Amino acid sequence: MKTENVDRHHVDLTMEVMASFPNGGKVVVYNAIDRTTDDFRRILSCAKYFAQQGRSVIMTPKLNVTYKNPAYDMIYGTLKGTPYYGKCPDLSVDGIWYEHESFSGNFAKKSFRNMCNHGSKQSARIIVDYCGLTDGYMLRSIASRIAVGIDIQEVWIRYDDILRLIYKTEGQ
């Protein structure tokens with residue numbers, strides 16, 4: 001007897017409000033996200049920071065084989081027609097996609113380079129963990145990426161539960 005393959009790409013599309021603030025800001029999390037990881041805690045701290053500013057934040061799951069997964073367009077459909085279609089950025093903040101990147105190791109310059117490289121493949125708006133570099137160094141590094149055509153619109157630095165905007169393209 002042949003068994004039918006039940007939707008191999010099923011994703012739990014239910015969501016839960018993780019945090020809400022008096023100014024209307026809130027953090028909504030897809031239940032498909034593994035909440036036991038350090039990455040989840042870091043992304044949640046970013047989400048709470050934006051929500052405390054009155055913004056609506058959705059934390060999204062990573063999906064495998066995005067082009068075959070019907071849930072992808074339901075979650076990430078607004079990426080259609082962009083270079084990021086097929087990617088799974090970490091956060092939607094008022095409908096704008098952000099990617100968080102962390103690092104390991106003791107080489108700050110290499111860590112910052114890797115976080116920017118990986119993050120810019122997911123979104124033009126990147127949140128990187130603080131790795132001890134000066135603003136001047138980070139801004140020069142960002143400028144050199146933009147000069148070779150990498151689309152970077154915002155870069156935020158995460159210090160535990162606080163974010164600081166270090167770069168934003170003019171006119172935004």
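Residues numbered from 1 in each chain as written. Predicted model: local features only at pLDDT ≥ 70, side-chain atom pairs only at ≥ 80, totals over all residues. Heavy atoms only, no water.

### Side note on the layout of surface pockets
Logical step 1: In this model, the largest pocket occupies a volume close to 180 Å³.
Logical step 2: Ala32, Ile33, Asp34, Thr37, Asp39, Phe40, Ile43, Met59, Thr60, Pro61, Lys62 and Asp90 are the residues that line the largest pocket.
Logical step 3: The dominant element in the lining of the largest pocket, judged by the number of residues it contributes, is helix 1 (residues 38-52), at three residues.
Logical step 4: Classifying every residue of the lining of the largest pocket gives six nonpolar, two polar and four charged. (1 Å grid on protein atoms, 1.4 Å probe; cavity = no way out; pocket = protein on both sides within 12 Å on 5 of 7 lines; lining within 4 Å. Points joined across faces, edges and corners; volume = space filled by probe spheres on them. Helix = DSSP H or I, 4+ residues; strand = E, 2+ residues; numbered from the N terminus. Nonpolar A, V, L, I, M, F, W, Y, C, P; charged D, E, K, R; others polar.)

### What about the sheet that holds strand 3 (residues 56-59)?
Logical step 1: Taken in spatial order, the eight strands of this open sheet run 1-2-3-4-5-6-7-8, and their pairing is mixed. Two strands close off the open sheet at either side, each with one partner strand: strand 1 (15-20) and strand 8 (162-168). In this sheet, adjacent strand axes meet at a mean angle of 25° when their direction is disregarded.
Logical step 2: Pairing geometry for strand 4 (residues 91-93) and strand 5 (residues 96-101), over three bridges, is antiparallel. For leucine 91, the partnering residue across the bridge sits in strand 5 and is tyrosine 98.
Logical step 3: Along the sheet, helix 1 contacts strand 1, strand 2 (26-30), strand 3, strand 4, strand 5, strand 6 (125-129), strand 7 (154-159) and strand 8; its crossing angle with strand 3, the most-contacted strand, is approximately 165°.
Logical step 4: Across the face of the sheet, helix 3 (residues 108-120) comes into contact with strand 5 and strand 6 while running at roughly 150° to strand 6. (Pairing = 2+ DSSP bridges. Axes fitted to C-alpha atoms, helices over the stretch in contact; angles between N-to-C directions. Contact = heavy atoms within 4.5 Å.)

### Overview of the nonpolar core
Soluble globular proteins tend to pack their nonpolar side chains together in the buried interior.
Logical step 1: Core analysis: the largest hydrophobic core is formed by 32 residues, its most contacted members being Val27, Phe50, Met59, Tyr76, Leu91 and Ile127.
Logical step 2: Of all the secondary-structure elements, those providing two or more residues to this core are strand 2, helix 1, strand 3, helix 2 (70-76), strand 4 and strand 5.
Logical step 3: The element best represented in this core is helix 1, accounting for eight residues.
Logical step 4: Core analysis: the second largest hydrophobic core is formed by 13 residues, Met138, Ile152, Val155 and Ile157 among them. (Core = buried A, V, L, I, M, F, W, Y, C linked by side-chain atoms within 4.5 Å. Buried < 20%, exposed > 50% of the residue type's maximum accessible area, 1.4 Å probe, protein only.)

### Some words on the packing of aromatic side chains
Logical step 1: Applying the stated rule across the entire model yields eight aromatic pairs.
Logical step 2: Note on phenylalanine 50 and tyrosine 98: the rings are 5.2 Å apart at their centroids and 45° apart in plane angle, and the pair reads as tilted. Linking phenylalanine 50 in helix 1 with tyrosine 98 in strand 5, this pair joins segments that are 48 residues apart in sequence.
Logical step 3: Taken together, a centroid distance of 5.0 Å and an interplanar angle of 25° make the contact between tyrosine 72 and tyrosine 76 stacked. Here tyrosine 76 and tyrosine 72 lie together in helix 2, a separation of four residues that amounts to about one turn. When sorted by exposure, tyrosine 72 lands in the same class as tyrosine 76, which is buried.
Logical step 4: Each residue in the set Tyr49, Phe50, Tyr98 and Trp156 is aromatic and connected to the rest through ring pairs, giving one cluster. (Phe/Tyr/Trp six-rings, centres within 6.5 Å; stacked < 30°, edge-to-face > 60°.)

Just distances and angles here, no functional claims.
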